[in-house]
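One-letter residues, chain by chain:
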Amino acid sequence: DQQVKQNSPSLSVQEGRISILNCDYTNSMFDYFLWYKKYPAEGPTFLISISSIKDKNEDGRFTVFLNKSAKHLSLHIVPSQPGDSAVYFCAASDMDSNYQLIWGAGTKLIIKP
Amino acid sequence: DAGITQSPRHKVTETGTPVTLRCHQTENHRYMYWYRQDPGHGLRLIHYSYGVKDTDKGEVSDGYSVSRSKTEDFLLTLESATSSQTSVYFCAISEPGLSTDTQYFGPGTRLTVL
């Protein structure tokens, strides 16, 4: 049973518009959430994170929103650029997990020129 | 970029042969992880280490063993490779307290078992 779900395998967005990637989780004990970006033939790279005591975290063009009651988080990219085309993974952990991360299956974002 | 290297980067082997993948870090991070990535599954944890000679199983540990004799090296061994172990393997490191649960990844090893 997947504890972290990314229900959209792919997403296509026009350059300059907003990209919204979604992630749902089932474990209410998760207290830290991360987004990673992955290009082909490379390892995932850390993008942005959020603690469960916050509902928003912003870093440049990237903003992560957390809705604890809905067990839902989203990553907003504004404006979307061609270099944002990649696979995006969300991951979650809880304080008792010995720093293990539970990963979603990923969403492939394609930015159209 | 975190100083993490993986070797080999690509390997083709036959069913039943032993395979060892190496992860090397220059960051002196305490935690190291081995993941496999398969389509539709995201990243799945195989084993992890929280210190020299301290290791534990992850979600998909069957058929794999690990060793960590030095802080900088974490080895993943497939004792007798099977076709179901064809995958891309990623090593990651983290230092709890430095950056909470953020993990930093190596470039990956593509393993094909024929």
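The structure we're discussing is the one just above.
What you see is a predicted model; the values in this text were computed from it and never measured.

Parameters at a glance
Residues numbered from 1 in each chain as written. Chains lettered and ligands numbered in written order. Predicted model: local features only at pLDDT ≥ 70, side-chain atom pairs only at ≥ 80, totals over all residues. Heavy atoms only, no water. Helix = DSSP H or I, 4+ residues; strand = E, 2+ residues; numbered from the N terminus. Rg over C-alpha atoms; globule rule 2.2 N^0.38 Å. Buried < 20%, exposed > 50% of the residue type's maximum accessible area, 1.4 Å probe, protein only. Salt bridge = Lys/Arg side-chain N within 4 Å of Asp/Glu carboxyl O. Pairing = 2+ DSSP bridges. Axes fitted to C-alpha atoms, helices over the stretch in contact; angles between N-to-C directions. 1 Å grid on protein atoms, 1.4 Å probe; cavity = no way out; pocket = protein on both sides within 12 Å on 5 of 7 lines; lining within 4 Å. Points joined across faces, edges and corners; volume = space filled by probe spheres on them. Nonpolar A, V, L, I, M, F, W, Y, C, P; charged D, E, K, R; others polar.

Caption draft 1: A look at the overall build of chain B. A count of helical and extended segments in chain B gives 0 helices and 11 strands. Scanning chain B from its N terminus toward the C terminus, one meets helices and strands in the order β-β-β-β-β-β-β-β-β-β-β. Taken against the 2.2 N^0.38 rule, which gives 13 Å for 114 residues, the C-alpha radius of gyration of chain B at 13 Å falls within 12% of a compact globule. Referenced to the eigenvectors of the C-alpha coordinate spread, the extents of chain B come out at roughly 40 × 30 × 25 Å. Evaluated residue by residue, chain B yields a buried proportion of 51% over its 114 residues.

Caption draft 2: Highlighting the pattern of salt bridges. As enumerated under the stated definition, the model contains 8 salt bridges over all chains in all. Among the ionic pairs, B:D38 bridges to B:R44, the shortest N-O distance being 2.9 Å. B:R44 carries the same exposure label as B:D38, and that label is buried. One network of salt bridges, in which partners are shared, links A:K37, A:R61 and A:D84.

Caption draft 3: Just the sheet that holds strand 3 (residues 19-25) of chain B, in detail. All names here are of chain B. Spatial ordering of the open sheet is given by 1-3-8-7, a layout of 4 strands whose pairing is antiparallel. Of all the strands in the sheet, just strand 1 (4-7) and strand 7 (64-70) have a single pairing partner and so form its edges. The sheet shows a mean angle of 20° between the axes of neighbouring strands, taken without regard to direction. Here strand 1 pairs with strand 3 via 4 bridges, running antiparallel. Bridge assignment links I4 to a residue of strand 3, and that residue is Q25.

Caption draft 4: Fine view of the layout of surface pockets. Taken as a whole, the largest pocket encloses approximately 740 Å³ of empty space. Along the wall of the largest pocket there are 32 residues; nearest its centre are A:K38, A:V87, B:Q37, B:P39 and B:R110. Considered class by class, the residues forming the lining of the largest pocket number 14 nonpolar, 12 polar and 6 charged. What the second largest pocket holds in volume is close to 290 Å³. What lines the second largest pocket is a set of 14 residues, and nearest its centre among them are A:Q2, A:I102, A:W103, B:R44 and B:E59. Contributions of two or more residues to the lining of the second largest pocket are made by strand 10 (102-103) of chain A together with strand 5 (42-51) of chain B. Each residue belonging to the lining of the second largest pocket can be placed in one class, and the counts come to 6 nonpolar, 5 polar and 3 charged.

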